[in-house]
Amino acid sequence: MSKDLPHLTRIASIRYNPAERAFEAAVTLYDDRQVFTYPVSLRAPMDAAYEEVTRTLALVACRRHDRGQPTMRARRDETFLEHVPTRVQQATSALWDRLLRRAA
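Procedures and definitions
- Residues numbered from 1 in each chain as written.
- Predicted model: local features only at pLDDT ≥ 70, side-chain atom pairs only at ≥ 80, totals over all residues.
- Heavy atoms only, no water.
- Patch = residues over 30% accessible without salt bridge, like charges linked within 9 Å, V, L, I, M, F, W, Y side chains within 5 Å.
- Areas by Shrake-Rupley, 256 points an atom, 1.4 Å probe, with all protein chains shown as cover.
- Salt bridge = Lys/Arg side-chain N within 4 Å of Asp/Glu carboxyl O.
- Helix = DSSP H or I, 4+ residues; strand = E, 2+ residues; numbered from the N terminus.
- Buried < 20%, exposed > 50% of the residue type's maximum accessible area, 1.4 Å probe, protein only.
- Polar contact = N/O pair within 3.5 Å; in protein donor to acceptor, adjacent residues only side chain to side chain.
- Contact = heavy atoms within 4.5 Å.

Undergrad: Pulling in residues and values, what's your account of a nonpolar patch on the surface?
TA: Taken together, Leu95, Trp96 and Leu99 make up a surface patch of nonpolar side chains, about 320 Å² in accessible area. Mapped onto the elements of the fold, tryptophan 96 is located in helix H2 (residues 86–103). Classification of tryptophan 96 as exposed rests on a relative accessible area of 52%.

Undergrad: Summarise the side chain of threonine 28; cite the residues concerned and give the values.
TA: Looking at the secondary structure, you find threonine 28 in strand S2 (residues 22–31). Polar side-chain contacts of threonine 28 include one of 3.4 Å to the side chain of threonine 37. If we ignore the near neighbours within four places in the chain, the residues touching threonine 28 are Leu8, Thr9, Arg10, Val35, Phe36 and Thr37.

Undergrad: So, the environment of leucine 29: which residues are in play, and what are the values?
TA: With respect to the helices, strands and loops of the structure, leucine 29 is situated in strand S2. Taking C-alpha positions, leucine 29 is 9.0 Å from isoleucine 11, a pair spaced 18 residues apart along the chain.

So, in structure tokens, the structure goes:
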């Protein structure tokens, strides 16, 4: 994990909004057996480097989380999945990723 990213993060898909001239994504953060999802945007040119865009989006979500801003975030306990077999969890996660990418 990068020194400037204090939490494990995951970005399912990144979209570019030409009207806002910004990259947009839902960044999922894993912190103390809880999962938080933050909608994040980054104003940048469309040809910005992918690595820089993903790193910055994750960093913005981590900073928002560390400031304790509860507005505009989703939260769930990871423990609700403990009774579900790992294969089912992985298949469900993969299905949601596919659906969300197609909807974007």
